[in-house]
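# Tertiary structure, described
Residues per chain, in single letters:
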Amino acid sequence: MNLYNDEIFSLAPSRSMEFIAKAKLMQKSDPSVISLAGGEPDFATPSPICEEAVKWLRAGYTHYTICPGLPELRVGIAEKLKRDNNCNYDPDGIIVAPGGKFAIYLAIRSLVNKGDEVMYLEPGWVSYPAIIQASGATPVPVRLSQVDSFKLTREKLESAVTPNTKILIVNYPNNPTGKCLSQGELDDLVAFLEAHPQVLLMSDEIYERIVFTGSSNLSPASIPQIASRVITINGFSKATAMTGWRCGYLATTPEIAKVIYRLYQHTISCVSGFIQKAAVVALGCTEEIEQMRKRFEARRDLFINGMNSIPGVSAEMPEGAFYAWVKFDWNSMNSEEVCNLILEKARVVGVPGIAYGTDEPYVRFSFAESDEILAETVRRIKEVSPVK
Ligand SMILES: Cc1ncc(COP(=O)(O)O)c(C=O)c1O
């Protein structure tokens, strides 16, 4: 008998977490090391949110909250999804989880059986294939290409679908490419889903509040003919700088939510009550969210323009999220070689594109850092560029 579960034992470690840990270790002995490997806002959680949590903590609101989410939070989320995303979700279809990541796991684990396939976009977030695998299903990448700016097309979706496909995961604004879902792509997505009625769509919209001027992000659940098949994922980590609070959610039909709640009850029981109370306040922090969004936009401009000024380096302007997806045409070096070079010579940490499933020499940098750090990053990388 094996000591470990085969699916868990064979999971690849998270490459982005590996680089974040490496950076933290290096920073201990050399504080001048710059880490742009992380995936979190550098801003403090807005104070009204913190004050609300403290208020409820002091009031002793520290016991189990036996429910898939406090009623006021689930109603607030349903209202937010209607107001901001034009999606009609019943509060009974909303489940509050300890982070969007766990919401994704709960949903996939509750929906798939052995032999089922789950499609996801590549380049894509490092955790999708691992979560699919941990749930006993088979991850199937839909390869998007830099040649057409990582555009999602019906053709690409059709080339990956089989009769065993159970779920398609899309993520816009995208980590790592920074692309938003366009009307044309949404039309293709709808046509694809209509042609494959057995496929559910998981739309991971965790960066939905970080969209830059001139771009907009569309929510697939706003389309009536597919709405009941769309599981929307979102949360508080990125929009309201609450990564460490661990609070996210999924939205689906009440029928599907009932099944997911069975797994929820036997695993996490609930999300801390005082955190959920604070999340209700976070839903109303529109002014704070907008201020952070504007700062991200200014940093994006500074960083992308800076990177494009380095010989052999090119990056498209991200439309959303806070990542720069940067290509290094540096004497045929691959993404890991580039990362090692800039780590050793420039003391800058990025995540190699290979972690997101691409063989192209891309590196993902987070620009959720101060202007000074971003400018210094550009300066250091320019200095060590082997291409002059
Ligand atoms: C694409 C994507 N989805 C989901 C998450 C999960 O975020 P959290 O679990 O903090 O809500 C992340 C975090 O990095 C992400 O990049």
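Everything that follows concerns the structure shown earlier in this document.
Residues numbered from 1 in each chain as written. Predicted model: local features only at pLDDT ≥ 70, side-chain atom pairs only at ≥ 80, totals over all residues. Heavy atoms only, no water.

## So, the packing of aromatic side chains
The cut-off we apply is this: Here a pair means two rings of Phe, Tyr or Trp (six-membered ring of Trp) with centres within 6.5 Å. Their orientation is stacked below 30 degrees between planes, edge-to-face above 60, and tilted elsewhere. Numbering of helices and strands runs from the N terminus, with a helix taken as a DSSP run of H or I at least four residues long and a strand as a DSSP run of E at least two residues long. Exposed residues in this analysis have more than 50% of their type's maximum accessible area, buried residues have under 20%, and partly exposed residues fall in between, with area computed by a 1.4 Å probe over protein chains only. Ring-over charges, as used throughout, are those where CZ of Arg or NZ of Lys falls within 6 Å of the ring centre and within 35 degrees of the ring normal.
Under the counting rule described, the total for this entry stands at 18 aromatic pairs. Relative to Tyr 362, the ring of Phe 150 has its centre 5.9 Å away and its plane inclined at 70°; by these criteria the two rings are edge-to-face. Note that Phe 150 is positioned in the loop between strand S4 (138-143) and helix H7 (154-160) and Tyr 362 in strand S13 (residues 362-366), a separation of 212 residues in sequence. Both residues of the pair, Phe 150 and Tyr 362, count as buried. Through pairs of rings, three or more aromatic residues link up here, namely Phe 43, Tyr 207, Phe 296, Phe 322 and Tyr 323. The lysine or arginine in question, Lys 277, covers the ring of Trp 56, its NZ or CZ lying 4.1 Å from the ring centre.

## What to know about the pattern of salt bridges
Applicable threshold: For salt bridges, the criterion is a side-chain nitrogen of Lys or Arg within 4 Å of an Asp or Glu carboxyl oxygen.
The final tally for this structure, using the stated rule, is 22 salt bridges. The closest approach of N and O atoms between Lys 114 and Glu 7, which form a salt bridge, is 2.7 Å. In this pair, Lys 114 sits in the loop between helix H5 (100-111) and strand S3 (117-122) while Glu 7 sits in helix H1 (residues 6-9), placing the two residues 107 residues apart along the sequence. With relative accessibility at 24%, the residue Glu 7 sits in the partly exposed group. In this structure, Lys 327 and Asp 329 form a salt bridge, with 3.8 Å as the shortest nitrogen-oxygen distance. Several salt bridges converge on common partners, so that one network encompasses Lys 80, Arg 83, Asp 84, Glu 208 and Arg 209.

## A few points about the nonpolar core
For clarity, the cut-off: Note on terminology: a nonpolar core comprises buried Ala, Val, Leu, Ile, Met, Phe, Trp, Tyr and Cys residues joined through side-chain atoms within 4.5 Å. Domain start and end points were adopted from an automatic or database domain assignment.
Judged by nonpolar contacts, the single largest core of 128 residues is most densely connected at Met 307, Phe 328, Trp 330 and Phe 365. Summarising the domain contributions, this core has at least three residues from each of domain 1 (6-45 + 287-384) and domain 2 (63-284).

## Some points on the site of the ligand
Just so we agree on the cut-off: Whether a residue is near a molecule or strand depends on its heavy atoms: it is near if one of them lies within 4 Å of it. N or O atoms within 3.5 Å of each other form a polar contact, as long as, within protein, one can give a hydrogen and the other can take it, and as long as residues adjacent in sequence are counted only when both atoms are side-chain atoms. Computed with the Shrake-Rupley method and a 1.4 Å probe, the accessible areas treat only the protein chains shown as cover for residues. Each residue receives one of three labels: charged for Asp, Glu, Lys and Arg, nonpolar for Ala, Val, Leu, Ile, Met, Phe, Trp, Tyr, Cys and Pro, and polar for the others, Gly being one of them.
Among the 13 residues in the neighbourhood of the ligand, the closest are listed as Gly 100, Asp 204, Tyr 207, Ser 237 and Lys 238. Residue Ser 237 places a side-chain N or O atom 2.7 Å away from an oxygen atom belonging to the ligand. Computed on the free molecule, the ligand has an accessible area of 400 Å², of which 92% lies beneath the protein chains in the complex. Partitioned by chemical class, the residues of the shell around the ligand number four nonpolar, five polar and four charged.

## Focus on H5
This is how the line gets drawn: To estimate how far a helix should reach, multiply one less than its number of residues by 1.5 Å.
Given a rise of 1.5 Å per residue, 12 residues ought to cover 16 Å, and the 17 Å separating the end C-alpha atoms of H5 matches this to within 8%. Taken together, the buried positions of H5 are Gly 100, Ala 103, Ile 104, Leu 106, Ala 107, Ile 108 and Leu 111.

## Things to note about a nonpolar patch on the surface
Definition in use: To count toward a patch, a residue needs a relative accessible area above 30% and no salt bridge. Like charges then connect within 9 Å, nonpolar side chains (Val, Leu, Ile, Met, Phe, Trp, Tyr) within 5 Å.
Together, Leu 3, Tyr 4 and Phe 9 give the surface a local cluster of nonpolar side chains, amounting to about 420 Å² of exposed area. Relative to the helices and strands, Tyr 4 resides in the segment before H1.

## With respect to the packing of helix H3 (residues 47-58) against helix H10 (residues 273-283)
The following threshold applies: Fitted lines through C-alpha atoms give the axes, limited to the stretch in contact for helices. The angle between two N-to-C directions lies from 0 to 180 degrees. We call two directions roughly parallel when the angle between them is under 35 degrees, roughly antiparallel when it is over 145, roughly perpendicular when it lies between 65 and 115, and oblique otherwise. The hand of a helix crossing depends on one turn: near helix anticlockwise from the far one by less than a right angle means left-handed, and clockwise means right-handed. Whether two residues touch is decided by their heavy atoms; if any such pair falls within 4.5 Å, the residues are in contact.
Following both chains from N to C, one finds H3 and H10 inclined at 150°, their axes separated by 8 Å at the closest point. Our classification of the angle between H3 and H10 gives roughly antiparallel. Read as a crossing pair, H3 and H10 show a hand that is right-handed. Of the residues in H10, those touching H3 at Pro 48, Ile 49, Glu 52, Ala 53, Trp 56 and Leu 57 are Phe 274, Lys 277, Ala 278, Val 281 and Ala 282. When grouped by side-chain class, the residues that make up the contact of H3 with H10 number nine nonpolar, no polar and two charged.

## Side note on unusual backbone geometry
Working note: non-glycine residues mostly have negative phi, and peptide bonds are mostly trans. Between Tyr 172 and the following residue, Pro 173, the backbone shows a cis peptide bond with an omega angle of -15°. Mapping Pro 173 onto the fold places it in the loop between strand S5 (165-171) and helix H8 (183-195). Residues other than glycine seldom take positive phi values, yet Ser 332 does so here, at roughly 60°. With respect to the secondary-structure elements, Ser 332 resides in the loop between strand S10 (323-328) and helix H12 (335-346). Despite not being glycine, Arg 347 shows a phi value in the positive range, around 55°. Of the residues examined, Arg 347 reaches a relative accessible area of 29% and is grouped as partly exposed.

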